[in-house]
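The chain contents come next:
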Amino acid sequence: MIIRYIPIPIISFNQQLLFLTTTAATISSPLARVEASVPTVKHTNYNDSSKSHTCISNALKISAKMGNLYEGKQIHANIINLGMTNVLSLGNQLLHVYVKCKEFADACKLFDEMCVRNVVTWNTLICGLRYSTERFNANVHLGFHYFKQMLMESVPPDCITFCGLLQLCVELKDGFWLGKMLHCAIVKLGYDQSCFLCANLVDLYGKFGLVGEARCVLDGVLARDLVLWNVMISCYVLNVLGEEAFCLFNLMRLKGVEGDEFTFASLLNSCASLGFYDLGRQIQGLAVKICLNMDVVVESALVDMYAKNEHITDARKVFDAMAFRNVVSWNTIIVGYGRRGDGKEAIELLRRMLREDFVPDELTLASVLSSCGNLSMATEIVQVHAYAVKYGFSNSLSIGNALINAYSKCGSIAHAYQSFSSIKAPDLVSWTSMIGAYASHGFSKEAIQLFDKMLVNDVKPDGIVFLEVLSACSHGGLFCKGLQYFSLMTNHYQIMPSSEHYTCIVDLFGRLGLLNEAYEVVNSMPVESQADALKAFIGTCNIHGNMKLAKWAAEKLFVIDPNDTATYVLMSNLYASDSNWLDAAFIWKMARERLHNKSPGCSVEIAGGFNTLA
C-alpha cells in the first residue's frame with residue numbers, strides 16, 4: 001500500500017475565516033435560525049454596491065460598539081464573499097472591531113494581510129494595543145514595532161499615532177525614555193503646538209515624576225486649551241506639589257481661562273492630600289461663584305477634602321445638600337467615616353445607599369468592613385459579608401483582605417482564614433493580614449507555617465510580613481525560628497531592620513532570660529531605633545529582676561525620649577517590685593515635673609456597652 005502525502009497549502013487569515021464560518025453555517029443548522037443582534041448583510045441586495053457598503057459599514061460600527069466578536073467575524077466572511085477585502089474603509093472598520101473585542105492576534109493577522117493601508121489603519125492598531133490586558137509589555141513593544149514598520153513604509157504619523165504611542169509608554173517602567181524620544185520626533189515633525197498631543201506628553205512626564213519636563217511642554221505651547229491646563233494642574237497634584245498647582249491656577253485665570261469641574265476637582269484633591277483646609281474653603285467659594293458647586297464631581301471632591309481634613313461634619317453637610325449623587329459620592333463619605341473608625345455611621349450610610357437604589361462597589365464594602373472591624377461590630381461584619389457573597393464580591397481581593405482584618409479584630413480566626421481561603425490569588429497584603437491575625441491571637445505555629453507556604457508560592461516578603469512573623473516567634477517562644485527569619489530578612493532579602501524588628505528580637509531573647517544577648521542587640525542598634533527596644537528590654541529586666549541592666553536602659557531612654565510616660569511607669573513598677581519605694585516615689589516626682597499633661601482617657605464600645613480606657 002502506497003501512502004501519498006499531499007502538501008497542505010498555506011492559507012491566509014481571510015481564507016481561514018471564510019472556511020470556518022462557511023463550515024459552521026453548514027454543519028450547525030440552528031445557527032441559521034438565530035436572529036443576529038446587529039444588522040447583517042447576508043439578506044442585502046448585493047447588486048447595489050453602495051448600499052452593500054453602507055450596510056456593512058453600519059453593521060461593523062455596531063459590532064465594534066457592542067464588542068460582538070461573533071457578528072464581526074460573520075460580517076468579515078461576507079466581505080470576503082463579496083470580494084470587498086480591498087475596500088480600505090471597510091478594512092479599517094473591521095480592524096477596529098477586532099481591536100475593541102481585544103482579539104489582537106486576529107487584528108495583527110488582518111492588518112498584515114491588508115493590501116491597502118493608510119494612516120488610519122496604522123493608528124487603529126497602534127492605539128488599540130493599549131486596551132490589551134494580557135502580556136501588556138509584549139504588546140507595547142509590538143506597538144513600537146508597527147510604528148517602525150510604518151516609518152519604513154513612508155507613512156507619515158500624525159498626532160493620533162503619537163498619542164497612542166505615548167499612552168503605551170505610560171505602562172512601561174522605563175517608558176519615559178521612549179517618551180522622550182517620541183517627544184523629539186514630535187518637535188521635529190512640528191506637532192509640538194498641538195494641545196491634544198502636548199496634554200498626553202504632560203500626562204506621561206507627570207506620571208513618571210518629571211514635573212520640570214512637563215512644565216516645559218506647557219510653556220512651549222502658545223495657544224493652550226483648558227484640557228492642557230487641567231492636565232498640568234493634575235500633574236502637580238499627582239506629585240504632591242500643591243503650591244505649584246495653585247500658582248498655575250492663578251496664571252490660568254490671568255490668561256482668561258476660568259476652569260471647569262475637572263480643574264476644581266484637582267485643586268480640591270490637592271487640598272485634601274496636603275491638608276489645606278482654609279484654601280479648600282476658598283476653592284469652594286469660587287466654585288459657588290461660577291456655578292460649579294452643583295456639579296457631582298466637584299461636590300464629591302469637596303466631601304473628600306473636608307473628610308481628609310477631619311471636618312467630617314462639614315463633609316456630611318455638603319453630602320446631604322447634594323442634588324445628584326453617584327457611587328463615587330457615597331464612597332467618599334463612607335470612606336470618610338471609615339477613616340475615623342465610625343463603623344455605625346458607615347453601616348447606616350450603606351443601608352441608606354441601598355434604599356436609594358445605588359449599588360455599592362468593592363471600595364464601599366471594603367471601607368465599611370474596615371470601619372466595623374475597628375469597633376469589633378461582628379454582627380454588621382457578617383451582614384456585609386453575606387451581601388458580598390450574594391452579589392458576587394466574595395472573590396474580590398480588596399474585600400477579602402478587609403474581611404480578614406475585620407474578623408481578626410473581632411477574634412474570629414476561623415472566619416478570617418475562611419475569607420483568606422476564598423481569595424483565588426492572594427497578594428502580599430492578604431498573606432500579611434492572615435499571618436498577623438494568627439500572630440496577634442497566639443497561633444504562632446500556624447503563623448510561621450502560613451509564612452513558609454507564602455514563600456513556597458513565590459510571594460516576595462517585605463518588612464511588614466517579617467515583623468508579623470517575628471512577633472509570632474516572640475510570643476510563641478520560638479527562639480531558633482525567630483533568629484532564622486531575622487537572618488533571612490537581613491541577609492537574603494536585604495531588608496533593613498526597623499526598631500520594631502529589633503524590639504521583637506530583644507523580646508525573643510528576654511523571654512528566655514538571655515539578658516546579656518538582648519543587651520548586645522540593643523547596643524548594636526542604630527540610636528534612632530533604640531526607644532522601643534529599650535522599653536522591651538526594661539520590661540524583660542523587670543520580669544527577671546535585673547535592676548542593674550534596667551537602670552542602664554532607663555538612663556538611655558530618658559536621654560532619647562524624656563517625655564514618654566511609659567518609661568516612668570516601667571521604672572516605677574521596677575522599683576516597686578523590688579520594694580524600693582523611695583526610688584519609685586522619686587521616679588513619680590520626676591514624671592510630675594517633666595510631664596505636665598497626661599493624655600485623656602477614651603471610651604470604646606465592646607459588646608454593646610462602653611468601657612473606659614485610661
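Quick notes on the rules
Residues numbered from 1 in each chain as written. Predicted model: local features only at pLDDT ≥ 70, side-chain atom pairs only at ≥ 80, totals over all residues. Heavy atoms only, no water. Helix = DSSP H or I, 4+ residues; strand = E, 2+ residues; numbered from the N terminus. Buried < 20%, exposed > 50% of the residue type's maximum accessible area, 1.4 Å probe, protein only. Contact = heavy atoms within 4.5 Å. Areas by Shrake-Rupley, 256 points an atom, 1.4 Å probe, with all protein chains shown as cover. UniProt positions renumbered as here; feature names shortened; annotations may be inferred. Expected span 1.5 Å × (residues − 1). Polar contact = N/O pair within 3.5 Å; in protein donor to acceptor, adjacent residues only side chain to side chain. Axes fitted to C-alpha atoms, helices over the stretch in contact; angles between N-to-C directions. Parallel < 35°, antiparallel > 145°, perpendicular 65-115°, else oblique. Left-handed = near helix turned anticlockwise from the far one by under 90°. Nonpolar A, V, L, I, M, F, W, Y, C, P; charged D, E, K, R; others polar. Salt bridge = Lys/Arg side-chain N within 4 Å of Asp/Glu carboxyl O. Core = buried A, V, L, I, M, F, W, Y, C linked by side-chain atoms within 4.5 Å. Domains from an automatic or database assignment. Phe/Tyr/Trp six-rings, centres within 6.5 Å; stacked < 30°, edge-to-face > 60°.

As recorded in an unreviewed UniProt entry, the protein goes by the name Pentatricopeptide repeat-containing protein, mitochondrial, listed as coming from Nicotiana attenuata.

*Asks:* Which residues make up the overall build of the protein, and what values do they have?
*Replies:* Counting secondary structure elements, the protein contains 34 helices and two strands. Residue burial in the protein is summarised as follows: out of 614 residues, 44% are buried. Considering only contacts in the protein between residues 6 or more positions apart, those separated by 24 or more positions represent 61%. Here the protein displays about 32,000 Å² of accessible surface, and carbon together with sulfur accounts for 57% of that area.

*Asks:* Tell me about the UniProt feature "repeat: PPR" (unreviewed entry) in the protein, residues and numbers included.
*Replies:* Listed under "repeat: PPR" (unreviewed entry) in the UniProt record, and renumbered for this structure, are residues 225-259, 326-360 and 427-461. Along residues 326-360, the helical share is 74% and the strand share 0%, with 10 Å between the first and last C-alpha atoms. Annotation note: span residues 427-461, helix share 74%, strand share 0%, distance between end C-alpha atoms 10 Å.

*Asks:* Just give me the short version of the side chain of Thr-332, but keep the residues and values in it.
*Replies:* On the secondary structure map, Thr-332 appears in helix H19 (residues 327-339). Assessed through its relative accessible area of 12%, Thr-332 is described here as buried. Ignoring anything within four residues of it in the chain, the contact list for Thr-332 reads Ser-300, Val-303 and Asp-304.

*Asks:* Tell me about helix H21 (residues 362-374), residues and numbers included.
*Replies:* Each α-helix turn comprises 3.6 residues. Residues three or four places apart therefore point the same way. Spanning 13 residues, H21 covers 18 Å between terminal C-alpha atoms, matching the ideal 18 Å at 1.5 Å per step. All of the buried residues along H21 are Thr-364, Leu-365, Ala-366, Ser-367, Val-368, Leu-369, Ser-371, Cys-372 and Gly-373. Next to the buried residues of H21 lie H19, helix H20 (343-355), helix H22 (378-390) and helix H23 (397-409). The distance from a side-chain oxygen at the start of H21 to the backbone nitrogen of Leu-363 is 3.2 Å, and the residue carrying that oxygen is Asp-361.

*Asks:* Can you break down the environment of Met-305 residue by residue, with the values?
*Replies:* Mapped onto the fold, Met-305 is located in helix H17 (residues 296-308). Remark: the alpha-carbon pair of Met-305 and Leu-274, spanning 31 residues in sequence, is separated by 9.6 Å. Met-305 has contacts with Leu-268, Cys-271, Ala-272, Phe-276, Tyr-277, Gly-280 and Arg-281, leaving out every residue within four places of it along the chain.

*Asks:* Which residues make up the packing of helix H27 (residues 463-476) against helix H29 (residues 499-511), and what values do they have?
*Replies:* Viewed as axis vectors pointing N to C, H27 and H29 meet at an angle of 15°, and their least axial separation amounts to 9 Å. Judged on the interaxial angle alone, H29 and H27 are roughly parallel. Note on packing geometry: the crossing formed by H27 with H29 is left-handed. Between H27 and H29, the residues in contact are Gly-463, Phe-466, Leu-467, Leu-470, Ser-471, Cys-473, Ser-474 and His-475 and Glu-500, His-501, Cys-504, Ile-505, Asp-507, Leu-508 and Arg-511, respectively. Along the lines of polarity and charge, the residues of the contact of H27 with H29 split into seven nonpolar, five polar and three charged.

*Asks:* Report on the pattern of salt bridges, specifying residues and quantitative values.
*Replies:* In the structure shown here, the tally under the stated rule is 15 salt bridges. Between Arg-316 and Glu-345 there is a salt bridge; the shortest N-O distance is 2.9 Å. Taken together, the residues span a long stretch of sequence, with Arg-316 in helix H18 (residues 312-320) and Glu-345 in helix H20 at a distance of 29 residues. Residue class for Glu-345 comes out partly exposed when judged on its relative accessible area of 23%. Between Arg-352 and Asp-320 there is a salt bridge; the shortest N-O distance is 3.5 Å. Residue Arg-352 is found in helix H20, and its partner Asp-320 is found in helix H18; the two are separated by 32 residues along the sequence.

*Asks:* Talk me through the nonpolar core; I want residue IDs and the actual numbers.
*Replies:* Met-232, Ile-333 and Met-434 are the most contacted members of the largest nonpolar core, which has 176 residues in total. Counting contributing residues, this core receives three or more from each of domain 1 (325-425) and domain 2 (508-596). In this structure, Ile-333 is in contact with Val-303, Ile-312, Ala-315, Arg-316, Phe-319 and Leu-349, ignoring residues within four places of it in sequence.

*Asks:* Hey, could you go over the packing of aromatic side chains for me, with residue numbers and the actual values?
*Replies:* Describing an aromatic ring pair means giving the distance of the ring centres and the angle of the ring planes. Considering all chains together, one arrives at 22 aromatic pairs under this definition. Pairing Phe-176 with Trp-177 gives two aromatic rings, centres 4.9 Å apart and planes at 35°, and the pair type is tilted. By relative accessible area, which is 52% here, Trp-177 ends up exposed. Centroid distance Phe-537 to Trp-552: 6.1 Å. Interplanar angle 90°. Geometry classified as edge-to-face.

*Asks:* Go over unusual backbone geometry, please, and point to the residues and values.
*Replies:* For Cys-291, which is not glycine, the phi torsion reads 65° and is therefore positive. You can see Cys-291 is positioned in the loop between helix H16 (277-289) and H17. Relative accessible area serves as the criterion here: at 63%, Cys-291 is assigned to the exposed category. Located in the positive-phi region is Glu-310, a residue other than glycine, with phi close to 65°. Mapped onto the elements, Glu-310 comes out in the loop between H17 and H18.

*Asks:* Would you mind going over the packing of helix H14 (residues 242-254) against helix H15 (residues 261-274) in detail, with residue names and values included?
*Replies:* Taken N-terminus to C-terminus, the directions of H14 and H15 make an angle of 155°; their axes are 10 Å apart at the nearest point. In terms of orientation, H14 and H15 fall into the roughly antiparallel class. Our pair here, H14 against H15, has a crossing hand that is left-handed. In contact with Gly-242, Ala-245, Phe-246, Phe-249 and Met-252 of H14, H15 contributes Thr-263, Phe-264, Leu-267, Ser-270, Cys-271 and Leu-274. When the residues that make up the contact of H14 with H15 are grouped by side-chain class, the tally is eight nonpolar, three polar and no charged.

*Asks:* Please set out H29 residue by residue, giving values where relevant.
*Replies:* Here H29 spans 18 Å end to end across 13 residues, near enough to the 18 Å set by a 1.5 Å rise per residue. Most of H29 sits inside the fold, with 11 of its 13 residues counted as buried. Among all positions of H29, only Ser-499, His-501, Tyr-502, Thr-503, Cys-504, Ile-505, Val-506, Asp-507, Leu-508, Phe-509 and Gly-510 are buried. The inward-facing, buried residues of H29 contact H27, helix H28 (479-492), helix H30 (515-524) and helix H31 (530-544).

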